[in-house]
Amino acid sequence: MKGLAPLFLGIFGTFAFSWVGLTVIPNWQIGHLNPQSDEEGTDIYPQPQSGMFERGARVYAANGCIYCHSQQVRADYAAADIERKWGNRRSAPRDYIFEQPVFLGKMRMGQDIANIGARAPAEQASPAPAGAAAPAASPSGGTSPAASPAPQGAAVSSPPPPANSPATAPATSPASPAPKTPTSPAPAAAPASPSPAAATAANASPNASPTSAAGAPWPVQTAGEPPMYSAAWHHVHLYSPRSINGDSNMPSYRFLYEKRRIRDARSADALQLTGSDAPPEGWEVVPSFDAKCLVAYLMALNQSHPLNDVRLVGGAPAAPVPAAGSPAPASPAPPK
Amino acid sequence: MNATGIPLKEPEVSAVAGDTEQLERAYIDASTRVPVLMFYTSSIAWLILGTLLAGFVSWKLHSPDLLSDISFLTWGRVRPAHMNVMVYGWASMAGMGTAIWLMARLCRTVLRYPLLLVAGACFWNLGVLLGVGGILLGDSTGYQWLEFPGYAAIILFVAYTLVASWAVLMFRYRRGDQIYITQWYLLGAFLWFPWLYSAGQLMLFVVPVQGVLQSAVGWWYANNLLFLWFGAIALGTAYYMIPKVIGRPVYSYHLATIGFWSYALFSSWTGMQRLVDGPFPAWMITASIAATILTMIPVATVGLNHHMTMQGYFPLMRYSPTLRFTVFGAMSYTVFSVIGVLISLRSVARYVNFTQASIAYSHLGLYAFFTMVIFGSMYYIVPRLIGREWRYASLIKLHFWASAYGIGLMTLMLLAGGFLQGVDMQNPTLAFSESIETTLPYLRGRSLAGILLTASHFIFAYHFGLMLLGLGRTSTVPTFLNPVEAEASGGH
């Protein structure tokens, strides 16, 4: 080859071709999506997330969760993701428009967690937009206005209002009403889980209960531990994964927790640890702020809201209700 | 000449070259000495660090409690640290070292402005150091191969600008009209990298694109870095080393042209195939799958070209370390691409997506292909910089076999383990944890392969250290892997 100019132009041209083709045109096509809403302009999905969510995402990035966990559900014709209860529909670009960074992930040494927030026990399931700890920040609780707007997002921190109804939560988990019994005095139940309160709210909303009760599309485990995928469960799981699942090869993230002496009374958010992980008498293990943010982030991962772009899995074998698991499409919007 | 008619002498001597030309070459080589050795020495230091990190990562995968209570040693931080040390510390620096030497040789002029390169090497090291430190302290950005936090990325970019501007200046001083094949690839690599890097940084961090497009940009960047930066350097190096060592011109110039342009055109469109069935418009993924299949064209032409050049000269691999490593790397390029095509087909990708198989793919590209070619070039270049020959043929052989078996075993383990993992994952009647259980034996096998690779890298670093200390052999004959005299003594 002679002459520098054709070489240079060719090198530049091939690169520009690929850059335009694989980044600029897609950006033009799906780079400016808006949330969807119904005709009245309510039921907006997705919604911007809270500050705790964003910080949680940074903790997620910093500790490399993405190298083992994906956050994308593949369509039912392509993969068993939906049969595995990782979601009730495939993920779509619109699900991620408020996320920065986006953690689609490329590896599943652990489960897909695109819907881990939706898989929490019904009382805690945060409707997609509800950022944790900022109940006020989730106006009219995005997905299910009827279903308890306020306390839901508070999965992590806000102490629940006194649980006046021990709520035989029609919900799924036998353990849910008071997962924290051991130490806490009665009404201040469940530091890390606002479950009773939320359950009340859920009860109050006739719309919500059927799904949460019958639904149980997500696994619910028992045996003395906090209900599966609740905030309390996440903390115990992050602290000591093998205390929950002996086969797990997830590393523990104890450096996100602080072991300290109990001062006056046991802290509200102390972890429920058993066996060899339990701190000695007079000590407790409490989550750091980063850990709380991380759990708030996880609890807010929820793509169960129907999207017009994507059909829900109607006939997926195990899905009990057509709109399986979507937290109570309270509005008359037809589940589709 | 020996029975096979193969020139076993030092190829440069056997080349029809006047004394002046040889002197000129020696002069050029001497002028590259300081910058190239700087790049090489740093890269080998990073290689050792990256290897240790890799061992740690690999081990923790089946023994998750190992040192997991220390925040900066948690798996999710050590793994990106390992990847980035290897990508930016080892591979990029070693590749630049080789590219600089090749540039000087092929421009047929003494290296000018060495200070640009020295400063570039220093800044690059600083950038990698800060970046890896940042990752370990929890500043990772979370994008594959772009984990370095902003402060490190800026420094890397400055360092790169210094090196690239040197390359452009060198081109202006070049003698002769002809631009050899190697230079096409090197010029491409030197230009593609900054565009890629700045496009990635801009679209992810400065003016971030929305939602899933970030992942698209991330994978577009990562795959193009693999092909247009590392792949281009390695192919260019192979185009120089193979003909040089066997003392024979490249088989076909036209094939090389087709190979180069089809490579630039098609491989740059890959990347999205690694997101098969993800939340993207289907055309993006299909376009990348099609491009991946079309990369068979450059693979076929480049492979054919190298093969025809080597035709009849394969026995030389018994003797020349450079040739042995380079040919291994060039063949791995074919394997890497074929496997890339296989795992990108939708029906297969469904199984291997989200499994260890994609790690196998990266290692095939970055190690079996790129790193082996670069090892080969180092065996050729370092003696010419230092004026001594490699001390022990046995160490070179050990290095080669440990590397070859190590990477072979690792690839097999990860591919097999990944495929079985995917099959289990696609079977919803099995608990998810079963799919992980299935991979564990393979991950242990991978750790074993890692031990082999670790050994090979330590051997190489030791040998290189001896060379640096001036403890190489003083001889006019390069170090052959097997004694040549016995077989070839009849000839000359």
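Note that the structure is a prediction, hence the values are computed from the model and not measured. (Residues numbered from 1 in each chain as written. Chains lettered and ligands numbered in written order. Predicted model: local features only at pLDDT ≥ 70, side-chain atom pairs only at ≥ 80, totals over all residues.)

### Here's the deal with the overall build of chain B
Right, so step 1: Secondary structure assignment for chain B yields 16 helices and zero strands.
Right, so step 2: At 22 Å, chain B has a C-alpha radius of gyration in line with the 23 Å of a compact globule built from 492 residues.
Right, so step 3: Dimensions of chain B along its principal axes, counting C-alpha atoms only, are 70 × 45 × 45 Å.
Right, so step 4: When contacts within chain B are restricted to residue pairs at least 6 apart in sequence, those whose partners lie at least 24 apart make up 84%. (Helix = DSSP H or I, 4+ residues; strand = E, 2+ residues; numbered from the N terminus. Rg over C-alpha atoms; globule rule 2.2 N^0.38 Å. Contact = placed C-beta atoms within 7 Å.)

### Observations concerning the interface of chain B and chain A
Right, so step 1: Counting from both sides, the interface comprises 72 residues of chain B and, opposite them, 62 residues of chain A.
Right, so step 2: For the side of chain B that touches chain A, the secondary-structure elements that each account for two or more residues are helix 2 (19-62), helix 3 (75-107), helix 6 (181-206), helix 7 (213-246), helix 8 (253-267), helix 9 (282-294) and helix 15 (432-468) of chain B.
Right, so step 3: Per-element tally for the side of chain B that touches chain A: the top contributor is helix 6 of chain B, with eight residues.
Right, so step 4: Here the residues of the side of chain B that touches chain A are counted per class, giving 37 nonpolar, 24 polar and 11 charged. (Nonpolar A, V, L, I, M, F, W, Y, C, P; charged D, E, K, R; others polar.)

### Describing helix 13 (residues 357-386) of chain B
All names here are of chain B.
Right, so step 1: Along its 30 residues, helix 13 runs 41 Å from first to last C-alpha, staying within 8% of the 44 Å computed at 1.5 Å per residue.
Right, so step 2: Of all the bends found along helix 13, the most pronounced is centred on Leu-364 and spans about 35°.
Right, so step 3: Judged by how many residues are buried, helix 13 sits mostly within the fold: 28 of 30 residues are covered.
Right, so step 4: The first or second residue beyond helix 13 is Gly-387, which carries a positive phi of 80°. (Expected span 1.5 Å × (residues − 1). Bend = angle between axes of the 7 residues up to and from the residue. Buried ≥ 20, exposed ≤ 12 C-beta atoms within 10 Å, placed from the backbone.)

### Looking at the confidence of the model for chain B
Residues and elements named next belong to chain B.
Right, so step 1: In this model, chain B carries a mean pLDDT of 90, and residues with pLDDT of at least 70 account for 95%.
Right, so step 2: Element-level pLDDT for chain B is lowest in helix 1 (residues 11-14), with a mean of 46, against a maximum mean of 96 in helix 4 (residues 114-136).
Right, so step 3: Considering only residues more than four positions removed or in separate chains, one finds that residues 488-492, a stretch of pLDDT under 50, has six contacts.
Right, so step 4: Per the prediction output, this complex has pTM 0.83; the corresponding ipTM is 0.89. (pLDDT = per-residue confidence, 0-100.)

### Some details on unusual backbone geometry
Trans is the prevailing form of peptide bonds, just as negative phi is the prevailing case for residues other than glycine.
Residues and elements named next belong to chain A.
Right, so step 1: Cis geometry is found at the peptide bond from Tyr-45 to Pro-46, where omega equals -15°.
Right, so step 2: Along the chain, Pro-46 falls in the loop between helix 1 (4-30) and helix 2 (51-62).
Right, so step 3: Along the chain, Gln-100 connects to Pro-101 via a cis peptide bond; the corresponding omega equals 0°.
Right, so step 4: By the secondary structure assignment, Pro-101 is in the loop between helix 2 and helix 3 (195-204).
Right, so step 5: Positioned with a positive phi, Lys-85 is a non-glycine residue whose angle comes to about 70°.
Right, so step 6: For Lys-85, the position within the fold is in the loop between helix 2 and helix 3.

### Comments concerning the nonpolar core
Residue and element names in this part refer to chain B.
Right, so step 1: The biggest cluster of nonpolar side chains holds 220 residues, and the ones touching the most others in it are Met-103, Ala-189, Trp-192, Ala-216 and Trp-229.
Right, so step 2: By residue number, the principal contributor to this core is helix 7, which donates 24 residues.
Right, so step 3: In contact with Ala-189, not counting residues within four places along its chain, are Ala-99, Leu-228, Trp-229, Ala-232 and Ile-233. (Core = buried A, V, L, I, M, F, W, Y, C linked by C-beta atoms within 7 Å.)

### Considerations on the environment of Leu-202 of chain B
Residues and elements named next belong to chain B.
Right, so step 1: You can see Leu-202 is positioned in helix 6.
Right, so step 2: Looking at Leu-202, the number of C-beta atoms within 10 Å reads 13, which means it is partly exposed.
Right, so step 3: Separated by 56 residues in sequence, Leu-202 and Leu-146 have C-alpha atoms that sit 12 Å apart.

### A closer look at the packing of helix 3 of chain B against helix 13 of chain B
Residue and element names in this part refer to chain B.
Right, so step 1: One can describe the packing of helix 3 onto helix 13 by two numbers: an axis separation of 10 Å at closest approach and a directional angle of 45°. The orientation of helix 3 relative to helix 13 falls into the category oblique. Our pair here, helix 3 against helix 13, has a crossing hand that is left-handed. Of helix 13, the residues touching helix 3 (which contributes Met-86, Ala-91, Ala-94, Gly-95, Thr-98 and Trp-101) are Leu-366, Phe-370, Thr-371, Ile-374, Ser-377 and Ile-381.
Right, so step 2: Of the residues contributing to the contact of helix 3 with helix 13, the split by class is eight nonpolar, four polar and no charged. (Axes fitted to C-alpha atoms, helices over the stretch in contact; angles between N-to-C directions. Parallel < 35°, antiparallel > 145°, perpendicular 65-115°, else oblique. Left-handed = near helix turned anticlockwise from the far one by under 90°.)

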